[in-house]
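Overview (structure and organization)
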Amino acid sequence: NRDAKGRDIGHRTAYPPEKKLDLKAEYDGRDGKVKWAIQSSLRDNVTHDLRKLIKKTDHCVVYLAKKVDAETARRVLLLFSGDDTVKIWCNGKRLLDDAKVSSIVKSQHRLFIDLAKGKNELLVKISNRGGNFGFHCQLLDPLRLRGYGLLQVPSALNGVISKPNEQARYVFHARRGQQLDFQV
């Protein structure tokens, strides 16, 4: 979306999903009515090209919602990258507001998310100014990794997870100074 002077305003404009997440709602979009649709092709740890799902992708905004069920309250690590700008919320709390135009770089954003026991709602807003339009997302849960009895850090997670010694101990790395230590 653009303002009267042609400037892109999609990232800074708070559209209805940011105010209240209602997956049954229908909204006025740039080119007519829009509503939520289940996209079974969208999976974790895969780079997705949103141009395959959306016809007009220049100067547009897309919202993605994911429900995350947690057996217990716990902290997980979200690895996310979007092309162009990104905002992320969990259970209504904004965790990220990155207005810098960028391309998809795996693990560009590393965010700790505190999940409540039960249902949690993850909301992502990606604004595109033009050209490529997509995202890469991976949710890492130490309680699920624990069951695999990891003996070494998978190469895809280098820099995200480290094993500081030969003990069955791993460390998730997020922003500078933030880490989550767990054992397998």
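The structure reproduced in this document is the subject of the present report.

About the thresholds
- The written sequence of each chain sets the order in which its residues are numbered from 1.
- Residue-level local features of this predicted model are given only where pLDDT is at least 70; pairs of side-chain atoms are given and counted only at 80 or more, and the full residue set underlies all totals for whole chains, interfaces and linings.
- The side-chain figures draw on all heavy atoms in the structure; neither hydrogens nor water molecules are used.
- At least two bridges found by DSSP between two strands are what make those strands a pair.
- Here a strand is any run of E in DSSP of at least two residues, a helix any run of H or I of at least four, and the numbering for each starts at the N terminus.
- Angles run from 0 to 180 degrees between N-to-C directions of axes, and those axes are lines fitted to C-alpha atoms, restricted for helices to the stretch in contact.
- Residues enter a nonpolar core if they are buried and are Ala, Val, Leu, Ile, Met, Phe, Trp, Tyr or Cys, with the set joined through side-chain atoms within 4.5 Å.
- Relative accessibility under 20% of the residue-type maximum defines a buried residue, over 50% an exposed one, and the middle range a partly exposed one, all with a 1.4 Å probe and only protein chains included.
- Only heavy atoms matter for contacts: two residues are in contact if any of them lie within 4.5 Å across the pair.

**A word on the sheet that holds strand β3 (residues 47-49)**
Across the sheet, which stays open at both edges, the four strands sit in the order β3-β10-β5-β8 with antiparallel pairing between neighbours. Edge positions in the sheet fall to β3 and β8 (109-115), since each has one partner strand and no second. Going across the sheet, the axis of each strand differs from the next one's by a mean of 25 degrees, ignoring polarity. Strand direction decides the pairing type here: strand β5 (residues 74-83) and β8, joined by seven bridges, are antiparallel. Within β8, the residue paired with Arg74 across the bridge is Leu115.

**Regarding the nonpolar core**
In terms of nonpolar packing, the biggest core is built from 22 residues, with Leu78, Phe80, Ile88 and Ile126 touching the most fellow members. Every element with two or more residues in this core is listed here: β4 (60-70), β5, β6 (85-90), β8, β9 (118-128) and β10 (134-140). Excluding anything up to four places from it in sequence, Ile88 contacts Leu78, Phe80, Lys93, Arg94, Leu95, Leu96, Leu111, Leu122, Leu123 and Val124.

**As for the environment of Leu50**
Here Leu50 lies in the loop between β3 and β4. Residues contacting Leu50, with those up to four places away along its chain left out, are Thr57, Val62, Ile126, Phe133, Gly134 and Phe135.

**A closer look at the sheet that holds β9**
The four strands lie next to each other as β4-β9-β6-β7, forming an open sheet whose pairing is antiparallel. Edge positions in the open sheet fall to β4 and β7 (93-98), since each of these has one partner strand only. Each strand of the sheet is rotated relative to its neighbour by a mean of 15 degrees, with strand direction disregarded. Relative to β9, β4 is paired through 11 bridges, and the arrangement is antiparallel.

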